[in-house]
Amino acid sequence: MIYTNGSVYGRTFEQILHVQNGVLSVCSTRIGVEVNIVRAKDYKDMSKKAASVISSQVIMKPNCVLGLATGSTPIGTYEKLVEWYNGDNLDFSKVVSVNLDEYKGLTRENDQSYYYFMNDHLFSKINIKKENTHLPDGTEPDANKACGDYDKVIEAVGGIDLQLLGLGHNGHIGFNEPAEEFIPDTHCVDLTASTIEANQRFFASYDEVPKQAYTMGIRTIMLAKKVLVVVSGEEKAAIVKDAFFGPITPKVQASVLQLHPNVTLVADEAALSLIK
Ligand SMILES: N[C@@H]1[C@@H](O)[C@H](O)[C@@H](COP(=O)(O)O)O[C@@H]1O
């Protein structure tokens with residue numbers, strides 16, 4: 001057990017970390033969080049503000065590595081980026097991307113695969129080079145190979161400059177589900193019933209929702225130089241409060257972001273309704 005009473009990245013905190021077998025498993029803390037919160041009026045405004053953060057990154061560092069996310073929340077952000085690509089010549093020709101996650105077992109042609117999603121919403125509409133876009137290979141049945149290969153890709157591109165994240169209803173980021181520990185590297189997850197239910201809306205039935213996924217691990221996300229979290233809607237208000245103002249615990253995986261030195265949360269009024 002490590003007891004720390006001091007400051008991390010300039011933030012004051014008191015915390016008790018339990019490290020078991022080399023993994024950060026439980027962490028209870030009094031929080032002195034200074035997450036940079038950007039308040040947006042509504043979903044449209046959130047999307048515009050999030051797209052501004054991403055486009056600034058691309059302009060400042062044209063060959064940046066963007067960590068990208070799926071889910072319904074970032075769709076408006078991608079629409080804005082496409083608009084600015086078309087209207088303002090925002091240039092993605094040198095950008096490299098690594099996505100957070102992919103369902104295990106879906107083909108790339110399946111319109112619910114994240115490969116399909118990213119091509120549909122972003123890659124096919126901007127000038128990013130196909131060979132510069134990366135996702136875990138959901139068609140690889142050998143989980144160790146799929147995950148190991150993906151970690152090599154992330155290492156080869158030199159890590160992530162800006163990681164975009166949505167927030168699951170249970171606090172998951174990528175597909176890092178509530179657990180007893182934070183898993184550092186890319187791994188295969190059994191999706192929780194609540195995640196399968198939440199994602200069922202995109203599939204014909206519960207049975208068709210994949211039950212496993214490959215996801216980037218928490219260390220990789222935490223090593224991103226900047227993290228941008230997008231959240232919209234009242235149904236996320238409670239989890240926003242838990243994640244950013246509650247104890248840091250692997251039961252709410254996003255809570256680990258409280259220890260990241262450069263997090264921006266762009267959320268609309270509804271999602272921030274429980275935050276003063
Ligand atoms: N793996 C993705 C997450 O990366 C995403 O953040 C989450 C929330 O999705 P939504 O934005 O649709 O609420 O959905 C999926 O589970």
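Everything numeric here is computed off the predicted structure, so don't read it as measured data.

Right, let's talk about the UniProt feature "active site" (unreviewed entry) in the chain for a bit. Per the UniProt record, the feature "active site" (unreviewed entry) sits at Asp 101, Asn 170, His 172 and Glu 177. If you trace the backbone, Asp 101 turns up in strand β7 (residues 101-103). Under the C-beta neighbour-count criterion, Asp 101 is labelled buried, with 24 such atoms within 10 Å. If we ignore the near neighbours within four places in the chain, the residues touching Asp 101 are Tyr 114, Pro 136, Gly 174, Phe 175, Ala 213, Tyr 214, Thr 215 and Met 216. Of note, Asn 170 is situated in the loop between β9 (162-165) and β10 (187-190).

Residues in close proximity to the ligand total 14 residues, the closest being Gly 71, Ser 72, Thr 73, Gly 166 and Gly 168. Residue classes in the shell around the ligand are distributed as four nonpolar, nine polar and one charged.

Our focus in this paragraph is the UniProt feature "domain: Glucosamine/galactosamine-6-phosphate isomerase" (unreviewed entry) in the chain. Sites flagged by UniProt as "domain: Glucosamine/galactosamine-6-phosphate isomerase" (unreviewed entry) map to residues 46-245. Annotation note: span residues 46-245, helix share 36%, strand share 16%, distance between end C-alpha atoms 20 Å.

Bringing the sheet that holds strand β11 (residues 212-215) into the picture now. What the three strands build is an open sheet, ordered β7-β11-β10; its pairing is antiparallel. The open sheet is flanked by β7 and β10, the only strands paired with a single partner. Strand-to-strand twist in this sheet, taken as the mean axis angle between neighbours without regard to direction, amounts to 25°. Here three bridges tie β7 to β11, and the two strands are oriented antiparallel to one another. Along β11, the bridge assignment pairs Tyr 103 with Ala 213.

About the thresholds
- The written sequence of each chain sets the order in which its residues are numbered from 1.
- With pLDDT at 70 or above as the cut-off, local features in this predicted model cover only qualifying residues; side-chain atom pairs require 80 or more to be listed or tallied, and sums for whole chains, interfaces and linings still use all residues.
- UniProt positions are given in the numbering used here, feature names are shortened, and annotations may be inferred rather than shown by experiment.
- Helix and strand assignments follow DSSP, with helices taken as H or I runs no shorter than four residues and strands as E runs no shorter than two, numbered in order from the N terminus.
- Neighbour density around each residue's C-beta defines its exposure: 20 or more other C-beta atoms within 10 Å make it buried, 12 or fewer make it exposed, and counts between make it partly exposed, where C-beta atoms are placed from the backbone.
- Think of it this way: build a C-beta for each residue from its backbone, and any pair within 7 Å is a contact.
- The criterion for a residue being near a molecule or strand is simple: its C-beta atom, placed using the backbone, must lie within 6 Å of it.
- Amino acids outside the nonpolar list (Ala, Val, Leu, Ile, Met, Phe, Trp, Tyr, Cys, Pro) and the charged list (Asp, Glu, Lys, Arg) are all regarded as polar, and Gly is one of them.
- Two strands pair under a simple rule: DSSP has to find at least two bridges between them.
- Each axis is a line fitted through C-alpha atoms, and for a helix only the stretch in contact is used; angles between axes span 0 to 180 degrees, taken between their N-to-C directions.

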